[in-house]
Amino acid sequence: MTGLRGDAHLTQGDIDDDAREWPRAPLGERRAYAAPYESLTFTLVTRARRELTVTLAAQPVFDLSRSVPVCRRIRRTVRHRGGESALAALGRRTLEPMDLKRIDLQTLNHGLDLLHLGSDDSGVLPAFWRTVASSGGRFALLCAELQHGAAPGTLLVEVMGGLEQAPPESIGEAISHFETAALGVILHIAPDAGAAGRLAGVRAQCLAIDFAGVAHESPREWLGAAELIAAARAACPQVLLLNLRPDRGLAAQAAGATHAVFAGMEAITI
């Protein structure tokens, strides 16, 4: 399976005991993480005739070993007309599987334009687990990617929402359809060591964890955060942290994380 690019990039053949020996960075050293990115917004009407606003932002993904952006990730925000979060306030019951698939397909179409992938680039696009879990949803995503013109570079699908309830064997079977030379999968999991451990046998290439909900400011809080990172790295060759505090980049690398999207960056709206 294809992974994130950069010094921490691993291919399927690289997964061995040596991959578990993580580089250690001097904890006293500080590095700066900054890169501009773009965003765009589109609207979509659900089958229940609710109007949604979907905002995509192409955030830089940093290779923690080199402190440089090596990839771009599409962050997706879905809101109901009026400003409240459609997926949180209305609940997923309001959005039918067809709605989720349409959001994913529109995200793919707009997201590829936003990523501007070159032949040596890689980009990350989100997709709901309910879309990826169904054969029809997988087929629609793969066909849409081909119809877009088979964009150069590598496209990674970040699967999110519902993975905690899905059997690991079902996850492994679903993501195997995206394991090609130009496609790969990132599994977005809950910030829980158990959630990471249960996916150890899935052979995913990368796990993503949103640190917006993980306390990691004080030294005491960082002990728990570092244990979470270590558990994810023990289950997977690559670990992508989202919304990580910039001052925790080196500590995150020392704990086993390979990539990060840092909090506090501003988008350029287009």
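About the thresholds
For every chain, the first residue of its written sequence is number 1, and the numbers climb from 1 along that sequence. Residues qualify for local features only when their pLDDT is at least 70, as the model is predicted, and side-chain atom pairs are given and counted only at 80 or more; totals for whole chains, interfaces and linings, by contrast, use all residues. Hydrogens are left out, water is left out, and the side-chain values use all remaining heavy atoms of the structure. Counting from the N terminus, the helices are the DSSP runs of H or I reaching at least four residues and the strands are the DSSP runs of E reaching at least two. Categorising residues by exposure relies on relative accessible area from a 1.4 Å probe, with only protein chains included: less than 20% of the type maximum marks a residue as buried, more than 50% marks it as exposed, and the intermediate range marks it as partly exposed. Contacts were defined at the residue level, with two residues in contact if any of their heavy atoms lie within 4.5 Å. Each accessible area value is a Shrake-Rupley result obtained with a 1.4 Å probe; residue values ignore everything except the protein chains displayed when judging cover. Here, a salt bridge means any Lys or Arg side-chain nitrogen found within 4 Å of an Asp or Glu carboxyl oxygen. When DSSP finds at least two bridges between two strands, those strands are taken to pair. Orient the strands so they point away from the viewer, and a crossover whose first-strand-to-second-strand path over the helix runs clockwise is right-handed. Between rings of Phe, Tyr and Trp, where Trp is taken as its six-membered ring, a pair exists when centres lie within 6.5 Å; planes separated by under 30 degrees are stacked, by over 60 edge-to-face, and by other angles tilted. Nonpolar cores were defined as sets of buried Ala, Val, Leu, Ile, Met, Phe, Trp, Tyr and Cys residues, with membership established by side-chain atoms within 4.5 Å. Nitrogen and oxygen atoms within 3.5 Å of one another constitute a polar contact, given that in protein one can donate a hydrogen and the other can accept it, and given that sequence-neighbouring residues count only through two side-chain atoms. Here, two cysteine sulfur atoms that lie within 2.5 Å of each other are counted as a disulfide. Expected helix span is taken as 1.5 Å per residue step, with the number of steps being one fewer than the number of residues.

Colleague: Would you mind showing me how to read the overall build of the protein here?
Modeller: Regarding its fold elements, the protein presents eight helices and ten strands. For the protein, buried positions account for 49% of its 270 residues. Taking the contacts inside the protein whose residues are at least 6 apart along the sequence as the reference set, 69% of them involve residues at least 24 apart. For the protein, the exposed surface amounts to about 12100 Å²; the carbon and sulfur share of it is 51%.

Colleague: Would you take a moment to explain the pattern of salt bridges for this structure?
Modeller: Applying the stated criterion across every chain, the model contains six salt bridges. The salt bridge involving Glu 96 is made with Arg 47; its shortest N-O contact spans 3.4 Å. Pair noted here: Glu 96 is in the loop between helix H1 (86-90) and helix H2 (97-115) and Arg 47 is in the loop between strand E1 (37-45) and strand E2 (51-63), with a separation of 49 residues, a long-range link. Among the residues examined, Glu 96 registers a relative accessible area of 32% and is labelled partly exposed. A residue is classified by how much of its surface remains accessible, and Arg 47, at 56% relative accessible area, is exposed.

Colleague: What exactly am I supposed to notice about the pairing of strand E8 (residues 238-244) here?
Modeller: Residues in a regular strand project their side chains so that they alternate between the two faces of the sheet. Burial runs high along E8: six of the seven residues are buried. Pairing of strand E7 (residues 206-210) with E8, which is carried by five bridges, proceeds in the parallel orientation. What sits directly across from Asp 210, in E8, is Leu 242. In the classification by handedness, the crossover that spans E7, the intervening helix H7 (residues 219-235) and the parallel E8 is right-handed. As for the winding sense of the linkage, the β-α-β connection from E8 through helix H8 (residues 249-255) to strand E9 (residues 259-262) is right-handed.

Colleague: What am I meant to see in unusual backbone geometry here?
Modeller: If a residue is not glycine, its phi is most likely negative; likewise, a peptide bond is most likely trans. Not every positive phi belongs to a glycine, and Arg 203 is a case in point at roughly 65°. By the secondary structure assignment, Arg 203 is in the loop between helix H6 (193-197) and E7. The phi dihedral of Asn 243 is positive, around 60°, even though this residue is not glycine. Examined against the element boundaries, Asn 243 turns out to sit in strand E8.

Colleague: Even after reading the chapter, I still don't get the packing of aromatic side chains, so can you show me in this structure?
Modeller: What describes a pair of aromatic rings is the distance from one ring centre to the other and the angle between the planes of the rings. Counting across every chain of the model gives one aromatic pair. Their ring planes at 70° and their centres at 5.6 Å tell us that Phe 62 and Phe 262 sit as a pair that is edge-to-face. Here Phe 262 lies in strand E9 and Phe 62 lies in strand E2, a separation of 200 residues in the sequence. Taking relative accessible area as the criterion, Phe 262 reaches 2% and is therefore assigned buried.

Colleague: Help me understand the environment of Ala 140, please; the structure alone is not making it clear to me.
Modeller: On the secondary structure map, Ala 140 appears in helix H4 (residues 135-147). Here Ala 140 falls in the buried class, since its relative accessible area comes to 17%. Considering only alpha carbons, one finds Ala 140 and Leu 105, 35 residues apart in sequence, at a separation of 7.6 Å.

Colleague: I would appreciate a short explanation of the nonpolar core in the present structure.
Modeller: Note that soluble globular proteins tend to have their nonpolar side chains buried in a common cluster. Ranked by size, the top nonpolar core spans 64 residues in total, and within it Ile 171, Leu 187, Leu 207, Phe 211, Trp 222 and Leu 241 carry the most contacts. Tallying contributions element by element places H7 first for this core, with seven residues. Apart from the residues within four sequence positions on either side, Ile 171 is in contact with Trp 129, Leu 163, Ala 166, Leu 187, Leu 199 and Val 202.

Colleague: What is the right way to read the environment of Thr 258 from this model?
Modeller: With respect to the secondary-structure elements, Thr 258 resides in the loop between H8 and E9. Sequence spacing of Thr 258 and Phe 62 is 196 residues, and the spatial spacing of their C-alpha atoms is 8.5 Å. Separated by 2.8 Å, the side chains of Thr 258 and His 259 make a polar contact.

Colleague: Whenever I open this one, the side chain of Thr 258 confuses me. Can you help?
Modeller: For Thr 258, a relative accessible area of 6% translates into the label buried. In terms of polar contacts, Thr 258 uses its side chain to reach the backbone amide nitrogen of Val 239, at 3.1 Å.

Colleague: Would you explain the state of the cysteines in this entry?
Modeller: Two cysteines joined by a covalent bond between their sulfur atoms form a disulfide. According to the stated counting rule, one finds zero disulfides in the structure shown. Left without a disulfide partner, Cys 71 is nearest to the cysteine sulfur of Cys 206, which lies 9.4 Å away. Considering cysteine sulfurs only, Cys 236 is the nearest to Cys 206, which forms no disulfide, with 5.8 Å between them.

Colleague: Please clarify how H7 should be interpreted in this entry.
Modeller: At 3.6 residues per turn, the α-helix brings residues three or four places apart onto the same side. Helix length check: H7, at 17 residues, gives a terminal C-alpha distance of 25 Å against a target of 24 Å (1.5 Å per residue), a fit within 8%. For H7, the full list of buried residues reads Trp 222, Ala 225, Ala 226, Leu 228, Ile 229, Ala 232, Arg 233 and Ala 235.

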